[in-house]
Structures are given as C-alpha cells and as structure tokens.
Amino acid sequence: GADWDATAAEIGAALSISPGRASVQMDLALTLRDRLPRLGALLADGQVTMDVVTTIVSRTALVVDPATLARLDGHFVDAATSWGVLSQKKLEAAIDVW
C-alpha cells in the first residue's frame, strides 16, 4: 500500500538505493523476523552471507506451517555457516534436503 511505498522510498533514499530494491530488503527483513528469526540473527551477527540467506528465504517461501518453519530455522542455523563456500546449485540442493 501507500505506507509501504512511502517507507520504501525513505529507506531507499537513506541507503542510496531504489525504492524497489528497498522494498525487497524490507520483505527480506520481515521474512527473517517472522519466519526464520534464528537465521536472521546469524545474518545480523555476520555469520552467514546475504546470498545464503536470500537463497534459503527463496527456497522456503512456500512453507506455511509454523512448526515446520521453526524446525527448518533450526536446521539452517546449524548448517548455514558452512554453506557460504558452496556453489549456487549445491547450496540449493543442501537447502532442499530439508
């Protein structure tokens, strides 16, 4: 809505990025807060790369069950710190196992 767009414009201006890119970052932040908080904490601590996080978020987008998400978040926290060295294809395969 209008509030989201206004916020994206403000964040975009503050970060010198487009409002569209800011909106994507806002979506990612909400996903980490609401769906994968432990993974979000790893990202905030610099223990995983943004590429690993965005791939995990993308590959789990269709999961709707909160209990399943909580289990996945735990699995990813245990494994994701070593996934930064994987190729994109191997990273996706490691995520898809869960």
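The structure under discussion appears in the preceding block.
Residues numbered from 1 in each chain as written. Predicted model: local features only at pLDDT ≥ 70, side-chain atom pairs only at ≥ 80, totals over all residues. Heavy atoms only, no water.

## Comments concerning unusual backbone geometry
And then number 1: For S16, which is not glycine, the phi torsion reads 60° and is therefore positive.
And then number 2: On the secondary structure map, S16 appears in the loop between α1 (2-15) and α2 (19-34).
And then number 3: Since its relative accessible area comes to 68%, S16 is described here as exposed. (Helix = DSSP H or I, 4+ residues; strand = E, 2+ residues; numbered from the N terminus. Buried < 20%, exposed > 50% of the residue type's maximum accessible area, 1.4 Å probe, protein only.)

## Notes on the environment of A2
And then number 1: Within the secondary structure layout, A2 lies in helix α1.
And then number 2: We classify A2 as exposed; its relative accessible area is 61%.
And then number 3: Separated by 95 residues in sequence, A2 and V97 place their C-alpha atoms 39 Å apart.

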